Amino acid sequence: MTDTHILPKWLYSLSVLSVIGVFYGIAKFCRYKITLNVNFCHAVFLIVALLQVVYAYLQGVGVFHSYFAFKMVGSFDNPVGLATCACVGISSCLYLFRNAHSKLLRYILVLILILLCSMLFLSGSRAGILGGMLLLLYYIWCYILKKGVIRFLFIIAVIPMFIGMYFVKKDSADGRFLMWKVTAKAIQRKFPCKESNLAVQ
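Residues numbered from 1 in each chain as written. Predicted model: local features only at pLDDT ≥ 70, side-chain atom pairs only at ≥ 80, totals over all residues. Heavy atoms only, no water.

Student: What is the right way to look at the overall build of the protein chain in this model?
Tutor: The secondary structure content of the protein chain amounts to seven helices and zero strands. For the protein chain, the succession of helices and strands along the chain, N to C, is α-α-α-α-α-α-α. The buried share among the 201 residues of the protein chain stands at 25%. Contacts spanning at least 24 positions in sequence make up 57% of the contacts within the protein chain whose residues lie at least 6 apart. Here the protein chain displays about 14,600 Å² of accessible surface, and carbon together with sulfur accounts for 71% of that area. (Helix = DSSP H or I, 4+ residues; strand = E, 2+ residues; numbered from the N terminus. Buried < 20%, exposed > 50% of the residue type's maximum accessible area, 1.4 Å probe, protein only. Contact = heavy atoms within 4.5 Å. Areas by Shrake-Rupley, 256 points an atom, 1.4 Å probe, with all protein chains shown as cover.)

Okay, structure coming up:
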């Protein structure tokens, strides 16, 4: 199903970017010093992602109704958009957790992280689940696991998880493989440089 609100969303996004560009241009013209607060930016990203995830949870329990084929999509028309938003929130949440000095803030961030990760699996988006897993694994690899032996055992334990991703939506994955195979054969038959004897054999 096509998102009938895609044009307003694009117009809104472009309008926001235009306003930011105008203010940035005025600041540079007036020689104002512009400083970027990284923690504030990550906090904004996390809040936006959390709002989308909470909205999707409320759709799941019937408080809000989804007008698309999928039950939990947030303000998107497809779970992929929601999963992407959750992945952005996970990366910001991990960054804030690493730089947080308050135990209460860390507990809150852990709770938010659980909500975001749960939504990834509920969305059923392989790309989103894979992206979230890679973010978590990267954080664990860089900031928790320090010894080489433990890292090796960690890799052995992670391999079955990636293999299991294939079985999340096996029919869909087989369809993707078939499309890639057909596309590769089509490229071989109609390769641009075929007349120059540079075709893929």
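Student: Where do I start with the packing of aromatic side chains in this structure?
Tutor: We describe a pair of aromatic rings using the distance from one ring centre to the other and the angle between the two ring planes. For the structure on display, the rule yields two aromatic pairs. Taking the centre distance of 5.3 Å and the plane angle of 80 degrees together, the rings of Tyr-55 and Phe-64 count as edge-to-face. Owing to a relative accessible area of 29%, Tyr-55 belongs among the partly exposed residues under this scheme. Residue classification places Phe-64 among the partly exposed residues on the basis of a relative accessible area of 39%. (Phe/Tyr/Trp six-rings, centres within 6.5 Å; stacked < 30°, edge-to-face > 60°.)

Student: Sorry if this is basic, but what is going on with a nonpolar patch on the surface here?
Tutor: A contiguous nonpolar patch, built from Phe-152, Leu-153, Ile-155, Ile-156, Ile-159, Ile-163 and Phe-167 and spanning about 710 Å² of accessible area, is present on the exposed surface. Inspection of the secondary structure assignment puts Phe-167 in the loop between α6 (148–164) and α7 (170–189). (Patch = residues over 30% accessible without salt bridge, like charges linked within 9 Å, V, L, I, M, F, W, Y side chains within 5 Å. Salt bridge = Lys/Arg side-chain N within 4 Å of Asp/Glu carboxyl O.)

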